[in-house]
Amino acid sequence: MSGAHKSGALLEVSGLSVDIPTEAGVLHAVRDVSLAVRRGETLCVVGESGCGKSLTSLAIMGLLPPSAQRRAHRLALAGEDLQAAPARRLRALRGDRMAMIFQDPMTCLNPAWTIGNQLEEIFTWHGKGNRRAAHDRAVALLERVGMANAAGRLSQYPHQLSGGLRQRVMIAMALMCSPDLVLADEPTTALDATIQLGILQLLAELQAELHMGLMLVTHDLGVVARIADRVAVMYAGEVVEEGPARTVFTAPRHPYTRGLIDCIPQPDRMVPGQRLGTIPGMVPSLVGEVQGCAFRTRCAFARPECAADVAPRHGPDAHMWRCVLPPGMLERAA
Amino acid sequence: MSAAPLLELRDVRRRYSVSSGLFAPRRTLTAVAGVSLRLGAGEALGLVGESGCGKSTLARLVLGLEAPSEGEVLVAGRPIAALHRLERSRLVQPVFQDPYSSLNPRRSIAEIVTQPLAVHGIGTPAERRDKVEEMLGLVGLAPRHAGALPAQLSGGQRQRVAIARALVLRPALVVCDEPTSALDVSVQAQILNLLLDLRDRLNLSYLFISHNLAVVQMLAARVAVMYLGRVVEEGAGRQVLTEPTHPYTRALLASVLTPDPMQGLPAMRLGTAFPDPLDIPPGCAFNPRCSFAFDRCRAEAPALVQREGGTLAACHLSAEVRVAAL
Ligand SMILES: Nc1ncnc2c1ncn2[C@@H]1O[C@H](COP(=O)(O)OP(=O)(O)OP(=O)(O)O)[C@@H](O)[C@H]1O
Ligand SMILES: Nc1ncnc2c1ncn2[C@@H]1O[C@H](COP(=O)(O)OP(=O)(O)OP(=O)(O)O)[C@@H](O)[C@H]1O
Ligand SMILES: [Mg+2]
Ligand SMILES: [Mg+2]
């Protein structure tokens, strides 16, 4: 596999769309998404639930539900075209060179198998070593994700584990073959702050050690702020803003990004019974033709020109946003 | 009987027998190791703690889905096991952590939310339809979602369905196990505001389990912190989450990631002697990871006793040592 691809990115996604036929018509769940993850880099993807984050990850992995249709200008891992790759090649890449930590542990854990079997299987299937080596690696990884008595836990079944333990099994599973790229869909939502911190530190270490690329989907903007190199903000199937984490947090250019930041409950500052800021309104239906800025129906700054498609704007450090507002409009009032 | 709290746990324990290898003998896992709690009508108690410390097990015991190995779970003064199934579900309703497996994949959203009403014979079909539409609106789902199947919704949308289903019967106590961890911050904010509004309007009580301490503080006036099956600290949320007494609570708070892009990850304050419910250490269960542990902590389990400021804490450290350590 050549590293001689022009962008130098480990993962290249350009013009990705996912359409799903539904009774009401075609759902345009992912619309013209472009992303890149370099080696050693962390890209965090945030956005309203239902905006297409999971489908984007599944589309990259080639694991979409059968009814979904994927189109892309380019979809490449380390320069290798994933759209042209035959199914056999994809199976060989998945779990080995690129791995996914799924949002729902039960979709990828087999309830009838012990977790030890499942962890070892992925290692031996990819020819990384024998059962013994697989066992040792499984124990080592479970210990690193904070599981006491890891060797003893291997003989347990998924239903005997707490939500957070299951999630950690999945994280270990994704790391079994030391992949180049990890797509993590909400990997720490079921974990308490201390375990979450341990996992994030582990991922950071592995990134430094193996130069791994990480695409992390999360709702937790605290996590994003602390680990992201770049942030992509999705809304209604589209990336509405993308750029360096600091820029996106401190000088967002899309009103949806601003709204998200203002909804974060702040520890120490909460009072019992206090109401949080919200973004009023609802995400529009993405069934059928979608035109103009999808956020305009909920946007306090909407103008007539928002009804027409909004071309991406670009700033320094590859900061991209899709909004017609001039700079300075979204500065925090306080 | 009016003095009985809505929920009372008396030294509740739950053990599981687990296999630890093909030829190894089965071992006893203690998920809940003696918890006593009380919750009055209209009150909210937040439950936080390390992943795997027994919070969901405790929730299942409160819901009557499992029986305690020892101790008592009383709802409105009566043992939960003695309540008829229908009676129980009008008193206590769950909202679970996992919005995937808790919804029947073959039922439409409208059917899922209607089901509790139908089971209890509440309202005419037309009234039920109105009620369901109202509930879906309250949790932020569009009428077009009514006919959808769970698989056609995103994780967050499914969790809104679970909340609508739990609240449609207007129960007295809602056991929320990570109800908003699958939601984005804007939907989370809406759901939390909704839970607060419903509590005020209907005098609902919440047992609220979450890893998000800011969310717990917003929703619950009182907070209990669990570690390895026991409550190690309990008190007013503000007090516990800003001036913690127990070293575990302190480590937990130090690990919280505030959305500050100028800072990286904080250092981990806890050792890597991860807790093992198969092998609970003697003395204070937290002692192998506690940087202040001394001989007594390894020999004698500390009782939950009242401290300065009214917080209950299970820790042998004296107030002076604790202050000096801060
Ligand atoms: N198999 C499917 N059939 C029909 N619609 C689907 C299917 N899977 C997902 N969708 C729809 O596609 C949209 C995007 O879903 P996706 O799971 O990617 O959202 P998400 O951004 O990951 O949300 P969350 O943060 O809640 O996990 C949603 O509106 C969802 O209802
Ligand atoms: N049915 C079961 N059989 C065996 N062990 C179990 C069973 N259910 C739970 N456990 C164990 O009991 C302990 C407590 O689990 P529980 O689900 O209550 O934790 P939790 O505090 O909810 O964790 P999380 O925050 O990760 O959801 C865990 O070690 C778990 O593996
Ligand atoms: Mg998702
Ligand atoms: Mg749990």
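Note that the coordinates shown come from a computational prediction; the quantities given were computed from them, not determined experimentally. (Residues numbered from 1 in each chain as written. Chains lettered and ligands numbered in written order. Predicted model: local features only at pLDDT ≥ 70, side-chain atom pairs only at ≥ 80, totals over all residues. Heavy atoms only, no water.)

### A closer look at the overall build of chain A
When helices and strands are tallied, chain A shows 11 helices and 13 strands. At 21 Å, chain A has a C-alpha radius of gyration in line with the 20 Å of a compact globule built from 334 residues. With respect to the principal axes defined by its C-alpha atoms, chain A has extents near 65 × 50 × 40 Å. Taking all 334 residues of chain A together, the buried fraction comes to 58%. As displayed, chain A offers around 13000 Å² of accessible surface, 54% of which is attributable to carbon and sulfur atoms. The averaged location of the 32 negative side-chain charges in chain A is 1 Å from the averaged location of its 34 positive side-chain charges. (Helix = DSSP H or I, 4+ residues; strand = E, 2+ residues; numbered from the N terminus. Rg over C-alpha atoms; globule rule 2.2 N^0.38 Å. Buried < 20%, exposed > 50% of the residue type's maximum accessible area, 1.4 Å probe, protein only. Areas by Shrake-Rupley, 256 points an atom, 1.4 Å probe, with all protein chains shown as cover. Lys, Arg positive; Asp, Glu negative; His and termini not counted. Charge placed at Lys NZ, Arg CZ, Asp CG, Glu CD.)

### Thoughts on unusual backbone geometry
With phi around 50°, Ala236(A) is a residue other than glycine that occupies positive phi space. Structurally, the position occupied by Ala236(A) is in the loop between strand S10 (230-235) and strand S11 (238-244). The phi dihedral of Ala76(B) falls on the positive side, at around 50°, and the residue is not glycine. Positionally, Ala76(B) belongs in the loop between strand S4 (70-75) and strand S5 (78-79).

### Focus: the UniProt feature "domain: ABC transporter" (unreviewed entry) in chain A
Summarizing the sequence annotation, UniProt attributes the feature "domain: ABC transporter" (unreviewed entry) to residues 11-261 of chain A in the numbering used throughout. Helix and strand shares over residues 11-261 of chain A are 40% and 27% respectively, and the end C-alpha atoms of the span are 27 Å apart. (UniProt positions renumbered as here; feature names shortened; annotations may be inferred.)

### Remarks on the packing of helix H4 (residues 115-125) of chain A against helix H7 (residues 163-175) of chain A
Residues and elements named next belong to chain A. At their nearest, the axes of H4 and H7 sit 9 Å apart, and the two run at 20° to each other. Classified by the angle between their axes, H4 and H7 sit roughly parallel to one another. Crossing hand, H4 versus H7: right-handed. Of the residues in H7, those touching H4 at Ile115, Gln118, Leu119 and Ile122 are Val169, Ala172 and Met173. In terms of residue class, the contact of H4 with H7 is made up of six nonpolar, one polar and no charged. (Axes fitted to C-alpha atoms, helices over the stretch in contact; angles between N-to-C directions. Parallel < 35°, antiparallel > 145°, perpendicular 65-115°, else oblique. Left-handed = near helix turned anticlockwise from the far one by under 90°. Contact = heavy atoms within 4.5 Å. Nonpolar A, V, L, I, M, F, W, Y, C, P; charged D, E, K, R; others polar.)

### Some points on the interface of chain A and chain B
Tallying the contact residues gives 68 residues for chain A and 68 residues for chain B. The three residues of chain A that bury the most area against chain B are Thr194(A), Arg226(A) and Arg275(A), which together make up 14% of that side's buried surface. There are two salt bridges connecting chain A and chain B. Remark: the boundary between chain A and chain B carries 10 residue pairs in polar contact (both at pLDDT 80 or more). Mapped by element, the contributors of at least two residues to the side of chain A that touches chain B are helix H6 (150-153), H7, helix H8 (193-210), helix H9 (221-227), helix H10 (245-250) and helix H11 (255-262) of chain A. In terms of residues, the side of chain A that touches chain B owes the most to one element, H8(A), which gives eight residues. (Buried area = accessible area lost by both parts, 1.4 Å probe. Salt bridge = Lys/Arg side-chain N within 4 Å of Asp/Glu carboxyl O. Polar contact = N/O pair within 3.5 Å; in protein donor to acceptor, adjacent residues only side chain to side chain.)

### Examining the site of ligand 2
Surrounding ligand 2, one finds 23 residues, the nearest of these being Gln160(A), Gly164(A), Gly52(B), Ser56(B) and Thr57(B). More than a single chain frames ligand 2: its nearby residues are located in chains A and B. Measuring from an oxygen atom of ligand 2, one finds a side-chain N or O atom of Arg153(A) at 3.1 Å. At 2.5 Å, a side-chain N or O of Thr57(B) approaches an oxygen atom of ligand 2. When ligand 2 is considered free in solution it has 640 Å² of accessible area, and contact with the protein chains removes 94% of it. Elements supplying a minimum of two residues to the shell around ligand 2: H7 of chain A together with strand S1 (7-18), strand S2 (27-39) and helix H1 (55-62) of chain B. With four residues, the single largest contributor to the shell around ligand 2 is H1(B). (Near = heavy atom within 4 Å.)

### Re the side chain of Thr57(B)
Summarising the element assignment, Thr57(B) is placed in helix H1. Here Thr57(B) is in contact with Arg14(B), Tyr16(B), Ala31(B), Val32(B) and Glu66(B), once residues within four sequence places are set aside.

### Section: the sheet that holds S2(B)
Residue and element names in this part refer to chain B. Taken together, the four strands give an open sheet; going across it, the order is S2-S1-S4-S5, and neighbouring strands pair in antiparallel fashion. Two strands lie at the open edges of the sheet, namely S2 and S5, each paired on one side alone. Pairing geometry for S4 and S5, over two bridges, is antiparallel. Its bridge partner lying in S5, Leu74 is registered against Pro79. Packing against the sheet, H1 makes contact with S1, S2 and S4, and its axis sits at approximately 120° to S1. (Pairing = 2+ DSSP bridges.)

### Digging into the nonpolar core
Residue and element names in this part refer to chain A. By size, the foremost hydrophobic cluster in this structure holds 112 residues, and its most contacted members are Leu142, Leu175 and Met215. The dominant element in this core, judged by the number of residues it contributes, is H7, at eight residues. When neighbours within four sequence positions are excluded, Leu142 is seen to be in contact with Ile115, Leu119, Met147, Ala150, Leu154, Val169 and Ala172. (Core = buried A, V, L, I, M, F, W, Y, C linked by side-chain atoms within 4.5 Å.)

### A look at the pairing of strand S8 (residues 205-209) of chain B
All names here are of chain B. Of all five residues in S8, five are buried, a share of seventy percent or more. Side chains Ser205, Leu207 and Ile209 of S8 all project onto a buried face; the interleaved residues Tyr206 and Phe208 project onto the opposite face, where all are buried too. Of the strand pairs in this sheet, strand S3 (residues 44-49) and S8 are connected by four bridges, and their pairing is parallel. The residue of S8 that forms the bridge with Leu45 is Leu207. By the bridge criterion, five bridges tie strand S7 (residues 173-177) to S8 in an arrangement that is parallel. Its bridge partner lying in S8, Asp177 is registered against Ile209. In this fold, the crossover linking S7 to S8 by way of helix H6 (residues 185-202) has right-handed handedness. (Right-handed = clockwise from strand over helix to strand, strands pointing away.)

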